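Residue-level listing of the chains:
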Amino acid sequence: MSFQDPHHIRGTKRSKQMNAQGLTAFFRQIHERHPLDKITFVCIGTDRSTGDALGPLTGSELVLYGVPNVIGTLSSPCDAHNLESAIAEIPADHTVVAVDACLGHPGSVGSYLLSDEPLLPARSVGRMLPAVGHYSVAAVVNVNGPRPYSTLQMTSLYQVMSMASQIASAAAEGFGLSGAEAEARFKLWPLA
């Protein structure tokens, strides 16, 4: 989980704030540059915190849509404890799309920060985890405040699940997986 703009790297700030409609175009641009079988989605977060469950929820939905390379699902989360070992297993010729939750300004809740740069998970809470992704999506799930861990615990599950679903369906559409076969797989989703 990141705070504010998780894409702030080496003094640049190249993320774009988008609504859900901007997600599909973002993934379509990635697909134009890279084949899906050479892309790995790294969905960062834990299933033990409502606000930080965005990554595992998104990863689980991506798997149901038929995305072949996904790290971080509800059954196998990718969090601070295993992030480094998980990204070390990604083939060198793969392009990485990182997905994470973040906290931001009140007007940005429900929006997405999209970037062609990596994100820095947990940097603002003092964790020195490696930058992740050639591309990244950070979902602003709640407002940043003086007690971020409490805020995450009280973040609306509906908000997080809705945003995870929007990311996964936009990725499926952007990569051409939103046909009848993908919809049939999605009906298997246990929380629908």
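Anything mentioned here points back to the structure above.
Here is what the cut-offs are and how they apply
Residues numbered from 1 in each chain as written. Predicted model: local features only at pLDDT ≥ 70, side-chain atom pairs only at ≥ 80, totals over all residues. Heavy atoms only, no water. Helix = DSSP H or I, 4+ residues; strand = E, 2+ residues; numbered from the N terminus. Buried < 20%, exposed > 50% of the residue type's maximum accessible area, 1.4 Å probe, protein only. Contact = heavy atoms within 4.5 Å. Areas by Shrake-Rupley, 256 points an atom, 1.4 Å probe, with all protein chains shown as cover. Core = buried A, V, L, I, M, F, W, Y, C linked by side-chain atoms within 4.5 Å. 1 Å grid on protein atoms, 1.4 Å probe; cavity = no way out; pocket = protein on both sides within 12 Å on 5 of 7 lines; lining within 4 Å. Points joined across faces, edges and corners; volume = space filled by probe spheres on them. Nonpolar A, V, L, I, M, F, W, Y, C, P; charged D, E, K, R; others polar. Axes fitted to C-alpha atoms, helices over the stretch in contact; angles between N-to-C directions. Parallel < 35°, antiparallel > 145°, perpendicular 65-115°, else oblique. Left-handed = near helix turned anticlockwise from the far one by under 90°. Pairing = 2+ DSSP bridges.

### Observations concerning the overall build of the protein chain
(1) Moving on: In terms of helices and strands, the protein chain carries six helices and seven strands.
(2) Moving on: Ordering the α and β elements of the protein chain from the N terminus gives β-β-α-β-α-β-α-β-β-β-α-α-α.
(3) Moving on: Burial statistics for the protein chain: of 192 residues in total, 51% are counted as buried.
(4) Moving on: Counted over contacts in the protein chain with a minimum sequence separation of 6, partners at least 24 positions apart contribute 78%.
(5) Moving on: When the accessible surface of the protein chain is totalled, it reaches about 8900 Å², and 53% of it is carbon and sulfur.

### Considerations on the environment of Val132
(1) Moving on: Within the element layout of this structure, Val132 appears in the loop between strand E6 (112-115) and strand E7 (135-143).
(2) Moving on: With a relative accessible area of 2%, Val132 lands in the buried category.
(3) Moving on: Once residues lying within four places of it in the same chain are set aside, the contact partners of Val132 are Val42, Ile44, Leu83, Ile87, Val96, Ala98, Pro118, Leu119 and Pro121.

### Some words on the nonpolar core
(1) Moving on: Of all hydrophobic cores here, the largest spans 34 residues; its most connected members are Phe27, Phe41, Leu54, Val137, Val141 and Ile167.
(2) Moving on: Only helix H1 (20-33), strand E3 (39-43), helix H2 (54-65), strand E5 (95-104), E6, E7 and helix H5 (157-174) provide two or more residues apiece to this core.
(3) Moving on: The element contributing the most residues to this core is H5, with eight residues.
(4) Moving on: Apart from residues lying up to four places away in sequence, Leu54 is in contact with Val99, Asp100, Ala101, Ala139, Val141, Val160, Met163, Ala164 and Ile167.

### Regarding the layout of surface pockets
A probe as big as a water molecule, rolled over the atoms, marks out the empty space that is left.
(1) Moving on: Computed from the structure, the second largest pocket encloses a volume of approximately 230 Å³.
(2) Moving on: Every element with two or more residues in the lining of the second largest pocket is listed here: strand E2 (16-18), H1 and E6.
(3) Moving on: Top element by residues in the lining of the second largest pocket is H1. It accounts for six residues.
(4) Moving on: Its residues placed into classes, the lining of the second largest pocket shows six nonpolar, three polar and four charged.

### Brief notes about the packing of H1 against H5
(1) Moving on: Close contact between H1 and H5 brings their axes to 8 Å; oriented N to C, the two are set at 40°. By the criterion of interaxial angle, the relationship of H1 to H5 is oblique. As H1 packs across H5, the resulting crossing turns out to be right-handed. Residue-level inspection shows Ala20, Leu23, Thr24, Phe27, Arg28 and His31 of H1 in contact with H5, the latter providing Gln166, Ile167, Ala170, Ala171, Glu173 and Gly174.

### Things to note about the packing of H2 against H5
(1) Moving on: Their axes nearest at 8 Å, the elements H2 and H5 cross at an angle of 35°. As for the relative orientation of H2 and H5, their crossing is right-handed in sense. Contacts from Leu54, Leu57, Thr58, Glu61, Leu62 and Tyr65 in H2 reach Val160, Met161, Met163, Ala164, Ser165, Ile167, Ala168, Ser169, Ala171 and Ala172 in H5.
(2) Moving on: Per-class residue counts for the contact of H2 with H5 are 12 nonpolar, three polar and one charged.

### Some details on the pairing of E6
Two faces, one strand: in a regular strand the side chains alternate between the faces of the sheet.
(1) Moving on: On E6, burial covers both faces: Tyr112 and Leu114 on one face and Leu113 and Ser115 on the other are all buried.
(2) Moving on: One ladder, built from three bridges, connects E2 with E6; its direction is antiparallel. If you follow Lys16 over to E6, its bridge partner there is Leu114.
(3) Moving on: Of the pairings in the sheet, the one linking E6 to E7 comprises four bridges and is antiparallel in character. The partner of Tyr112 across the bridge, within E7, is Ala139.

### A few points about the environment of Leu83
(1) Moving on: With respect to the helices and strands, the residue Leu83 is situated in helix H3 (residues 83-88).
(2) Moving on: Overall, the relative accessible area of 0% leaves Leu83 in the buried class.
(3) Moving on: Residues Leu83 and Leu129 lie 46 residues apart in sequence; the distance between their C-alpha atoms is 7.9 Å.
(4) Moving on: Those residues in contact with Leu83 that lie beyond four places of it in its chain are Val42, Ile44, Cys78, Pro121, Leu129, Pro130 and Val132.

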